[in-house]
Structure formats: C-alpha cells, structure tokens
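# Coordinate inspection notes
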Amino acid sequence: MHSVARQDGWISLLIGALAIQVILLGIWVVAKSFPEDTLYTINDKLFTKWIGKPISILYILYFIGVGSLIILLFCRMISMWVLPNTPLWVTSSLLISVCMYMVSGGLIVLGRMYTMLSLLLGLLIFFIIIATKEMHLMYLFPILESGWGKVFAGINKAIFSFFGFIVSLVIFSKVEGSHVQKLKTIVYAHCFVTTFYMFTVFASFTFFSTSELKLVPEPVLYMLKAFTLPIIARIDLFFISIWVINVATTLATYLYMASLGLSDLFKREPQSHFIVLIGVIIFIISIYVGLDISRIQAFNKVVTNSGYIFSVALPLIMVPLSYFIRNRRKGESSS
Amino acid sequence: MGIFTRIFRNNRDKLADRHMSEPSGEKEVQCSRRLSENVEYILGAFHQTNDLKIRVLKKGEAALLYFESLAEHEKIHEKIFAPLEMGHADDVFQLPNAKKTSDLEEAVRTLLRGHAIYMEEGKKEISQFSVTSSFGRTPEEPQNEKVVRGAHDGFVENMMTNINLIRKRVEHRDLTIKYFKLGKKTNTNVSVIYMDGIADPTLVQEIETRLHSIDSDMIHSPGHVEEFIEDQSNSPFPQMLNTERPDRVAANLVEGRVAIMSEGSPTTLIAPATFFMFYQAPDDYNMRWFTGTFVRLIRLFSFIIAVGLPAFYIAVVSFHFEVIPDELIIPVKASINEIAYPPIIEGLVMVIIIELIREAGIRLPAPIGQTIGIVGGLVIGDAVVRAGLVSNIMVIVVALTAIASFVVPSNELSTALRLLTFPLIVLAGTLGFIGIVFGMLIILTHLTRLHSFGVPYFAPLAPLSLVDLKDTFVRLPMFMMKLRPKDAHALKPVALDPSREWKNRDGQNQSKQGSPGEKTSSTKDTKQ
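Report follows, based on the coordinates. The shown structure was predicted, so the numbers you read here are calculated from the model rather than taken from an experiment.

## Section: the pairing of strand β10 (residues 268-271) of chain B
Residue and element names in this part refer to chain B. Burial along β10 is two-sided: the residues T268 and I270 and L269 and A271 are all buried. Across three bridges, strand β8 (residues 241-243) lies against β10 in antiparallel orientation. Across the sheet, T243 pairs through a bridge with T268, a residue of β10. In terms of strand pairing, strand β9 (residues 258-262) meets β10 through three bridges, oriented antiparallel. When the bridges of β10 are listed, V258 appears paired with A271.

Okay, here's the thing in structure tokens:
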C-alpha cells in the first residue's frame, strides 16, 4: 500500500473502508430478501439454476484460492521469521489440520472460538501501543503530497485486506437475530476492523520514515523487533505467535464457506467429507505454488483480481436483481 | 352399582408402602400353605447358601429366615421377640412393624436387602422385618478435598447417610431424590438428586434416560456410571464434577445442577460441569472476596504453568534464544552446553520421572511415601544434574510444573493437565512457539467443542458471557452474584434478591439528617 500512496496510505485505507461499508449495505439488502438461504442457494434463485450453479462453483474455487493464498503468505512469514529450516508441507499441513478440526465442529463452535480468541486482539493492540512511544507524526506530512490519483490507486491495495466481509453474505441466514440487529453487528464489526487496521498502519507509518518504509517488507514486525520489555527481549516473536491464531481463524472461515458451498451444491448434509476434501485441495495448491516469491505474487494477483469480481462486482449485481425478484414475488402473491 | 364403584375407588386410593424402586416385570410366585415348601423354595433360590439362617419356632409350625451376614441379632430381638414378650401382640403376624406379602420372589429380594422373614404353617402370608445391620464410618472430612475454614464433614459409603447430610443442608420441599437400581448382578442403588423448579427438567430427563440405558452386570462406583453417561468419551477432560463434600453438592444443587450418588461410594457426581468449576474450591467462598479472587487467579495461572511451562522452556532453548534478555543468556546457555541430549529428551525424561515418583508414592503407606519423595526428589534431582544428564534449569522448570499441576483442586483435571504436557513438549521441541500455539489452539478447539449434558464445557469463556465471569477468574462478593450461572440452565435465573438494603437505608438516613443541617447552614450564610 505504501509503495503506491506513500505517506498518504492511511487516507486510501479510510476511503477503502468507506467503500466497503457501502458494499456491505448492498450485501445486507440482498441477504435480507432471502432470509432462509446461504450464498449458494441465493445464487440459484437470482441467476436461475443454469447460471447460478457455475457461479457457486466459481465462488467455491475463489474461497479455496483465498485459503491457499493465506496459507502461502503465512508459511512464508513463518519460514522467514521463525522457522527457516522447516519445510512448507509441515507448517501448511499442521495449520490445515487444526482448521479442519475447528471447522468440523460447525458454525456454533466457530463462533464461540472467535469470540473467545478475539480477546487476544487486546494483546496485539497492547504490543503495538508499546511501539507508539517512538511515534513521529512528522512522517505523515506533507499530507496528500503524492496527489489524489495515487491515493485512489492505494485503495486498490487497501481494499484487499477487507475482502473477508463476504462471510456476512454466506452465513447471514445461519445467524439468529432480526435484520436490523444483524446490520448493526456487521457495521460494528467493520468499524472495529477498520480502526484496528488504521491503528496498525498509523503506528508503522509514523515509526518508519517514508524512505525507510520502502525497504521494509513487514513494518509491524520490524518495528516490534526494536523494542525490549524487561522480561521479553523480542516482542515480534510473540506477536507472530498470536498472529498465527488470527491466521488460523481466517483460514477456518474460508474452509467453512467452501465446504458449506460444496454441501449445498451436492445437497448432502455431512459436511465433514467436504471439509477434508477442501483441506486436501488447499494443501496441494499450497505445495504446488511453493514458497517462491514470484510465484506467490503471481498467485496473489490472480486471487486479488478475482476478489474484485466475487466480493465487489457480483454482490453489486445481486442488489438490483434481488429487488427485481422480490417485486415479482410480491406481484405473484398479490395476484 | 354405587357400592361397586366405591369399593373400586377405595381399592385404588389405598396407600401402598413406598420403598426403593423394585426391578419391575419380574415374575410373582405365590407362597403355598405348606411351610416346608416355602422354605424349600427360598433355599433353592439362594442355592443352599450357608449364611441363610433358619430358626424353627412354635415346635416346627413356623420359621424365621434371615441372612446372618446381613441381619443384626439385636434388631431381630428388638423388633420381633421383645414386643411378643412384653405382650404387645399375641402373634408375630400382628406386629405393626412388619410388612406383609404373599409373594415368595419379593421375600427373596427383601431377604437380600437384609430383612428377616417370618412364615407359618397353613398361612399364605409372609411377614418381613427390616433388621439390616450397617457398618458405616463417621462422616469425616475427605482426604482429597480439605478446607481450612468451613464444614469438615464428608460423604461416607452409606447412601442414606449421604442423603441425610444433603437434606440437612437443603431443608426445602423441592429437593427431589429418585432411586434407580443399576447393575443386573450387583443391584446397586443409584440416586439422582435435584431441586425441582430450579434444575432444568430436560436435563433431569436426559440424565434419567441415560441412567436407564445402562445395561451392565456390575456398577461399582460413580466413575463407572460416569463412563456410561458422559457425552464425549474421547477426551482427557472430566465432564462431571467428582466431590465428597456435602456442602459442595448442596451449593451445586441450588445452582440448578443434578447430583448422582451410588451406594457404596462416597464420591458424588455433579452434572453438568464446566471447565472452570474444577477450579473452584469451597474455601474460596469462606474467604474475603479479595483473597478469594487472588487464590482463584493463582489457580488459573497454575493451569497455564502446568500445561505450558516445560513446552515454553523447551521452545525457548531449542529455537528462540533471542527471546531471553541478554543478561540471562549466558547462564542459561552455560547450563545447557554440557548436556549431551537435546532439550526435548531432557524434558520428557524429567516429566516422566516426576510421574514415576508420584505414582510410586500414592499407594504406599505414608512413611514409605515420604522416603520415596526424598529419594526421588532430592537424591535423583541432585544426582541427575551433577551427572550431567539434565540441566539444572530443566529441573527447576519440571519441579515448578509438578507443583502447579497439584494446585488444581480436582484430581481428575490435574491428571488431565499432566497428560496434556507431553504432546505440547513434543510440539514445542519440533516447531517452537508455532508448535505451542498450534497445540493450544487444538486444546481450545476441543474445549469449545465439548459439551456436558448439553451445556458448553468452556462456558463462560466460549460462548463468552461477561456476566458469568464474576465467579470464574475472580470471585466477586456474594451479594453481587444475583443471577445463577447460565451454564446450568436453571429455570429460575434469580438466586438473590437485594440483600443489603440496610446500606441504602443508612445512606438515606444520613442524607435526611444531613439535609436539615445544610439548610441551617445555608440560612446562616444568607443571614451573614
């Protein structure tokens, strides 16, 4: 993000978050008109069976792709920072098996795990707060030096970190509560994520100067590496360890969505077979791409671009379609 | 017609004696008029066992049968012969403390329960007298759940004494007790105890159906019952609370949980249980809440040490030396440098040695147990370091872990924790911090997935319920625990109505007293 928008990256992040908020509203409108359906059955109803099924399959492929990308980025970070000699298949198979165990418990277990583990975010924030004492607000200035064009180009990069919001469309019907409550939850969640990102970006942008930041691949970790607590010399290692949990929960979410898609597609209830199947597919993809940075980046590009289609374009297409269908349904019921 | 229905009604309304539930559906054998045939039948039913005593009375016209191993001679005298001698009754059949039947099978069952039966030639009736002898110890404080302050009595092997201890503590009509006979050969009495109107009826129903479905020859302890009725057998964590303390059972009953007792064992099972219940001790509620909270936190901290400390240490020395502050690196490195084995082997060996010492000491008489402790702990610990097999820091770490694992008030959970150390050590030895995080994640997922009788096991942390945290990590003052914990699914959520109104009243009084004073002062002010 910084590479494009330089010190104004945080503005891009903010604008990106606002744009996502609009899309979230759209998703809410779509999901509200199908209170009983998951994303996959909504596809069937909106695009008719012949177009809906392929779209569902593409969605599943997209989720698998994101899952593999998460695994790859995570394993790369692990091999660079913590375990340089451990082969890729060990870390990725471990992570995937942990996630499969988590997902096989169903949505309730996932929800409970996430609420419990979200307490750990407090610890991450604490670590970053330690770093803020070295803040130099000077580094943020001059604001808008690189111009609005660059800022908008930065949005492109910033928006990717928000792509997880598509979850709300998949599991909307599985959650209890009124529509307004759900909307509130979605909005609050998004606000929290935005604040957390903003906080992190702010901390790292103010810690490193503009010219330094170009050279640093993982600013937060490098930032934490410089600090020492009286008992712990290297905070970054603990940061990574807790970050692992966040990565695992994200991967578990994608695993859940993909397996839910498969079980909806084949109309079979026991999800556990599908979970194992998708876990194996993700594992194979991650091994195939490997830790080579150029291949990861190519893969990253493919996934990010398809992310625009699946997380932005398709939901936006769904909004007018769902209005149309709802009106038609109303017309049928009244006549 | 009217008379007929009245007779019918009368028959139906007639009170029947209530006693422990009989295994129903058994055949009924009417006794005959001939005494010798009856005696023959009963002897045959018991396969001519030698401790069945037959006393012939009235010159061969009557017989008194009882197990001399089950009945008490004094009671026989007191219940049967003394009233006759005193002239209260002319005949044994007229004694009021007898229970009458004409079913020989029932007589066989009551004989087994320790009753004496009396039969006479030419009568189709049997009198049964309860003359059971019981040898019980006094309700002493259980060895494994001692408290500093509070009640010092504990359950014994006799179920009636145990229920008596509970009824004394919960003097309320809602306390309900249901008996079951389990075990086809042992016929063990098992009782389910709950507060009607507080405990969730579906929970009670569920426990009953699970108990009914047990079809085993023998039930010898609550642990046996536990294995049959618990939700998830493939788990190291205990899903029902074991206790021998009446006060603990009473408190849990009032919270809306269900207790299961069985004859012949002082241990009571409490369901549903959550993970954090195993960290509560009765002592917590006898202390001031500051100290209670402090002790709770220490205990939960011990959980982290017991599970994670050896793994953490191994991960640090084998992967992440840079985590240690600079000043410590040299001493730590120096102590490890001369050890031939990698830290993971060191750790595993030491943890296993501690387990050996513990297991060796547990069943030996106290004096020998102490010797084992000294030999094992001091001699081996010292020698192993000097011989250069294990580093001295590893000894410190493992000893701390052992101590921490004994802090847990429940023996079952403490064993489970020590078991969990091993996989974590292996993960830490192979993948460092990342391995530990994965291991912890698996444990947490497992805890989240566990259910005990339909109640999430890791409540109130997952699902997160901030209100219920008041009695888990901390122990807030009693008057703040207004609601029962949600995890018990109690019918009545409110456990406590405002109990400290006097404080408000005092405050109001003060303000009333204060306000005229203020007025006067203000008037003074205006005057001035």
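Structure shown, so let's carry the discussion forward.
## Here's the deal with the nonpolar core
As a rule of thumb, nonpolar side chains are buried together in soluble globular proteins. Y59, F63 and L169 of chain A together with F237 and F275 of chain B are the most contacted members of the largest nonpolar core, which totals 188 residues. Ranked by residues supplied to this core, first place goes to helix α3 (residues 39-81) of chain A with 21 residues. Residue contributions to this core reach at least three from each of two domains, namely domain 2 (159-284) and domain 3 (289-449) of chain B. Setting aside anything within four residues of it in sequence, one finds L169 of chain A in contact with I27, V30, A31, L39, I42 and M318 of chain A. Residues V204, L211, I229 and L269 of chain B belong to the second largest nonpolar core, which totals 20 residues.

## Observations regarding the sheet that holds β10 of chain B
Residues and elements named next belong to chain B. Reading across from one edge, β6-β7-β9-β10-β8 is the order of the five strands in this open sheet, with antiparallel pairing throughout. The open sheet is flanked by β6 (175-182) and β8, the only strands paired with a single partner. Strand-to-strand, the axes of this sheet are offset by a mean angle of 25°, without reference to chain direction.

## Observations regarding the sheet that holds strand β4 (residues 115-120) of chain B
Residues and elements named next belong to chain B. Spatial strand order, β1-β2-β4-β5-β3: five strands in an open sheet with antiparallel pairing. Across the chains shown, the open sheet's two edge strands, defined by having one partner strand only, are β1 (52-57) and β3 (99-101). Between one strand and the next, the sheet's axes are offset by a mean angle of 25°, whatever the strand orientation. Strand direction decides the pairing type here: β4 and strand β5 (residues 126-130), joined by five bridges, are antiparallel. Along β5, the bridge assignment pairs Y118 with S127. Where helix α3 (residues 73-86) meets the sheet, its contacts fall on β1, β2 (62-67) and β5, and the angle it forms with β2 comes to roughly 145°.

## Some remarks on the pairing of strand β7 (residues 188-195) of chain B
A regular strand places its side chains on the two faces of the sheet in alternate fashion. Residue and element names in this part refer to chain B. For β7, the buried fraction is high: eight of the eight residues fall into the buried class. With burial as the criterion, each face of β7 is covered, one bearing T188, V190, V192 and Y194 and the other bearing N189, S191, I193 and M195. Strand direction decides the pairing type here: β6 and β7, joined by eight bridges, are antiparallel. Considered in β7, the bridge of F180 is made with V190. Taking the residues that link successive antiparallel strands as the turn, the β6-β7 hairpin has five residues, and the phi of G183 there is positive, at about 90°. Here four bridges tie β7 to β9, and the two strands are oriented antiparallel to one another.

Criteria and cut-off values
Residues numbered from 1 in each chain as written. Chains lettered and ligands numbered in written order. Predicted model: local features only at pLDDT ≥ 70, side-chain atom pairs only at ≥ 80, totals over all residues. Heavy atoms only, no water. Buried < 20%, exposed > 50% of the residue type's maximum accessible area, 1.4 Å probe, protein only. Helix = DSSP H or I, 4+ residues; strand = E, 2+ residues; numbered from the N terminus. Pairing = 2+ DSSP bridges. Core = buried A, V, L, I, M, F, W, Y, C linked by side-chain atoms within 4.5 Å. Domains from an automatic or database assignment. Contact = heavy atoms within 4.5 Å. Axes fitted to C-alpha atoms, helices over the stretch in contact; angles between N-to-C directions.

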